[in-house]
Amino acid sequence: MSDIIHLQPLTAAAFAAFGDVIEVSGEADKIINQGRCGRYHDRARLDFTDGQAGISVFQSQCVTLPFALDMMERHPDGSQAFLPLSDKPFVVVVAPDEDGKPGRPLAFKTAPGQGVNYHRGVWHGVLTPLHDPGLFAVVDRIGEGPNLEEHWFETPLTIDT
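Predicted, not measured: the structure shown is a model, and the values here were computed from it.

A. Up close: the pairing of strand S12 (residues 115-118). Side-chain alternation along S12 places Gly 115 and Asn 117 on one buried face and Val 116 and Tyr 118 on a second face that is also buried. As paired elements, strand S2 (residues 19-22) and S12 share four bridges and run antiparallel to each other. Its bridge partner lying in S12, Asp 20 is registered against Asn 117. When strand S7 (residues 80-84) meets S12, the two strands line up antiparallel, connected through three bridges.

B. Spatial organisation of the side chain of Gln 114. Looking at the secondary structure, you find Gln 114 in the loop between strand S11 (106-109) and S12. Gln 114 sits in the buried class, given a relative accessible area of 5%. Separated by 3.1 Å, the side chain of Gln 114 and the backbone oxygen of Leu 10 make a polar contact. A distance of 2.7 Å separates a polar atom in the side chain of Gln 114 from the backbone nitrogen of Ala 111. With residues near it in sequence (within four places) discarded, Gln 114 still touches Leu 10, Val 21, Ile 22, Glu 23, Pro 84 and Phe 90.

C. Spatial organisation of the pairing of strand S6 (residues 67-74). In terms of burial, S6 is largely enclosed, as six of its eight residues are buried. One ladder, built from seven bridges, connects S6 with strand S16 (residues 149-160); its direction is antiparallel. Note that in S16 the partner of Glu 73 across the bridge is Glu 150.

D. Structural view of the nonpolar core. Counting 15 residues, the largest nonpolar core has Phe 15, Phe 82, Val 92, Val 94, Val 116 and Tyr 118 as its most contacted members. Elements with a contribution of two residues or more to this core: strand S8 (90-95), S12 and strand S15 (135-142).

E. The sheet that holds strand S5 (residues 52-59), seen in detail. With antiparallel pairing, five strands are arranged side by side in an open sheet as S2-S12-S7-S15-S5. Of all the strands in the sheet, the pair left with one neighbour each is S2 and S5. Strand-to-strand twist in this sheet, taken as the mean axis angle between neighbours without regard to direction, amounts to 20 degrees. Two elements, S7 and S15, share five bridges in a ladder whose sense is antiparallel. Across the sheet, the residue bridging to Gln 80 is Asp 140, located in S15.

F. Structural detail: the pattern of salt bridges. Inspection of the entire model under this criterion finds five salt bridges. Its salt-bridge partner being Arg 141, residue Asp 50 comes within 2.7 Å of it at the nearest N-O pair. Of the two residues, Asp 50 is situated in the loop between strand S4 (37-39) and S5 and Arg 141 in strand S15; the sequence distance between them amounts to 91 residues. Judged by its relative accessible area of 38%, Asp 50 is partly exposed. Between Arg 74 and Glu 149 there is a salt bridge whose closest N-O contact spans 2.9 Å. You can see Arg 74 sitting in strand S6 and its partner Glu 149 sitting in strand S16, a full 75 residues away along the chain.

Rules of the game
- Per chain, residue numbering runs from 1 following the sequence as it is written.
- Reporting in this predicted model follows two pLDDT cut-offs: at least 70 for local features of residues, and 80 or more for side-chain atom pairs to be given and counted; totals over whole chains, interfaces and linings ignore these cut-offs and use all residues.
- Each side-chain value is worked out from all heavy atoms of the structure, with water and hydrogens disregarded.
- Note on exposure labels: buried denotes an accessible area under 20% of the residue type's maximum, exposed denotes more than 50%, and partly exposed covers the range between, all computed with a 1.4 Å probe on protein chains only.
- Going along the chain from the N terminus, every DSSP run of H or I of four or more residues is numbered as a helix, and every run of E of two or more is numbered as a strand.
- Between any two strands, at least two bridges found by DSSP are needed for them to pair.
- Distance and chemistry together define a polar contact, namely a pair of N or O atoms within 3.5 Å, with one atom able to donate a hydrogen and the other to accept it when in protein, and with adjacent residues in sequence counting only for side-chain atoms on both sides.
- Between two residues, a contact is recorded if the distance between any of their heavy atoms is within 4.5 Å.
- Residues belong to a common nonpolar core when they are buried Ala, Val, Leu, Ile, Met, Phe, Trp, Tyr or Cys residues joined through side-chain atoms within 4.5 Å.
- With axes taken as lines fitted to C-alpha atoms, and helix axes fitted only over the stretch in contact, angles between N-to-C directions fall between 0 and 180 degrees.
- By definition here, a salt bridge exists when the distance from a side-chain nitrogen of Lys or Arg to a carboxyl oxygen of Asp or Glu is within 4 Å.

Rendered as C-alpha cells:
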C-alpha cells in the first residue's frame, strides 16, 4: 500500500458512502425572496442520537500540500457539517470503517461553494483549509457525553495532489 493519498475532485457520487456534498447543483427546488433566490432544499442529512443541532464557527490554521495524515476521528453520536465561510478550497479526508479503525483513506479537494456533511460514525480527517481565513460554520451535535473517537496511524500517510 502506498503511503501517498492523492487528492481527487469532490463529487456527490464519490463521497456518497461517507456523507453529503453541500452545494448548488441542478435546478432550484423553489424560487423565493421575490423571485431573486433559488432555494436548494435539504442538502444534508443531520443525524443525532440525542442532544440537538448546534451551529458553531471554527477558525483553523491552513496547511500546505503535501501534508502528513497521522490521525483520523469520528463522531458516533452525530453527523457533522462543514460550511466554508469563504470561496477557498479545502481538503476532505474520509475512510471506510474496518473493524473499528479507518481503512484506506480517500482525499478530496473541494471546489468553491462546496461544503460537506459527514454522516454519523464516519472516519474523517481534521479540518484542513488550504487558504486563509480558514473560517467554517459547523453544524453538529450539542449534547452531553463524549462524541469523539480518534485513531492515530503508526506510520503517517501523505496527502498530496
